[in-house]
Amino acid sequence: TISDIKLGEGVNVLAFEAESFNGNTTNRQLRITANSLPQFVGKPFPEPNSSTNDPNQKMGAEANKASFGGGSAEAITVPFSSLKKDGVEIPADLEVIQTQEAHKANTRAIITPKEPLGEGKYDVVIKFQSNVGVSQVVYSFYVDTTAPLITVATLEPYAARAPSKPLSVKYSTSDNH
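These figures come from a predicted structure and were not determined experimentally.

Undergrad: How would you sum up the packing of aromatic side chains? Please name residues and give values.
TA: Any aromatic ring pair is given by two values, namely how distant the centres are and how the planes are angled relative to each other. Counting across every chain of the model gives one aromatic pair. When the centroid spacing of 5.7 Å and the interplanar angle of 20 degrees are considered together, the rings of tyrosine 122 and phenylalanine 141 count as stacked. Separated by 19 residues along the polypeptide, tyrosine 122 in strand 10 (residues 120-130) and phenylalanine 141 in strand 11 (residues 133-143) bring together distant segments of the chain.

Next comes the structure, spelled out in structure tokens:
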């Protein structure tokens, strides 16, 4: 019995060798993979706290992690996603794109609203889960489809050939948020 082994991250190999009194030998190798690093969640779109003028904006994020051997045990899933405006859930479809290679697993979640989005602030939550735990991305973005308002004050009389005082144009701008 071997106990209290400290394994490193990644592939660990234990080798066993035995020899009989007659000189016959045999060996075995036991490969143990330690994968304890959680997945990294990033690349949210649109950018957090950004504004878009697209009422059909898709939103999402990616999760990546180390993978040792592939297979469904190493996959990253998306058990939960949410799109809300003012605390109210917005109906949306979720598309999950999973890729897996020999040494990494990648999952991209894309949320597509079922109806065009109105003006305002939207909150996005996407939860990623794998054999090494749960990670999530939480962010907000704004939909702004109204052009800024420019107001120009009435001009005072001005004569370019005989200016008694310089021309002054007063204006102001405003936006939705």
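Undergrad: Report on the environment of alanine 34, specifying residues and quantitative values.
TA: Among the secondary structure elements, alanine 34 is positioned in strand 2 (residues 25-34). On the accessibility criterion, alanine 34 (18% relative accessible area) is buried. Residues alanine 34 and aspartate 123, 89 residues apart in the sequence, show an inter-C-alpha distance of 36 Å. Other than its neighbours up to four places away in sequence, alanine 34 contacts Gly8, Glu9, Gly10, Asn12 and Phe68.

Undergrad: Please give an account of a nonpolar patch on the surface that cites residues and values.
TA: Together, Ile150, Val152, Leu155, Tyr158, Leu167, Val169 and Tyr171 make up a nonpolar patch on the protein surface, roughly 740 Å² of accessible area in all. Within the fold, leucine 167 resides in the loop between strand 12 (149-152) and strand 13 (171-174).

Undergrad: Help me get a handle on the pairing of strand 2, residues and values and all.
TA: Working note: regular strand, side chains alternate between the two faces of the sheet. Of all ten residues in strand 2, one are buried; the element is thus mostly exposed. Where strand 1 (residues 10-19) lies against strand 2, ten bridges are found, and the strand directions are antiparallel. In the sheet register, valine 13 faces strand 2, and the bridge partner there is arginine 31.

Undergrad: Which residues make up the side chain of threonine 52, and what values do they have?
TA: Within the secondary structure, threonine 52 sits in strand 4 (residues 51-52). Exposure remark for threonine 52: the relative accessible area of 12% places this residue in the buried category. In terms of polar contacts, threonine 52 uses its side chain to reach the backbone amide nitrogen of aspartate 54, at 3.1 Å. Polar contacts involving the side chain of threonine 52 include one to the side chain of glutamine 57, which spans 3.1 Å. The residues touching threonine 52, leaving out its near neighbours within four places in the chain, are Gln57, Phe141, Tyr142, Val143 and Asp144.

Rules used throughout
- Residues numbered from 1 in each chain as written.
- Predicted model: local features only at pLDDT ≥ 70, side-chain atom pairs only at ≥ 80, totals over all residues.
- Heavy atoms only, no water.
- Phe/Tyr/Trp six-rings, centres within 6.5 Å; stacked < 30°, edge-to-face > 60°.
- Helix = DSSP H or I, 4+ residues; strand = E, 2+ residues; numbered from the N terminus.
- Buried < 20%, exposed > 50% of the residue type's maximum accessible area, 1.4 Å probe, protein only.
- Contact = heavy atoms within 4.5 Å.
- Patch = residues over 30% accessible without salt bridge, like charges linked within 9 Å, V, L, I, M, F, W, Y side chains within 5 Å.
- Areas by Shrake-Rupley, 256 points an atom, 1.4 Å probe, with all protein chains shown as cover.
- Salt bridge = Lys/Arg side-chain N within 4 Å of Asp/Glu carboxyl O.
- Pairing = 2+ DSSP bridges.
- Polar contact = N/O pair within 3.5 Å; in protein donor to acceptor, adjacent residues only side chain to side chain.

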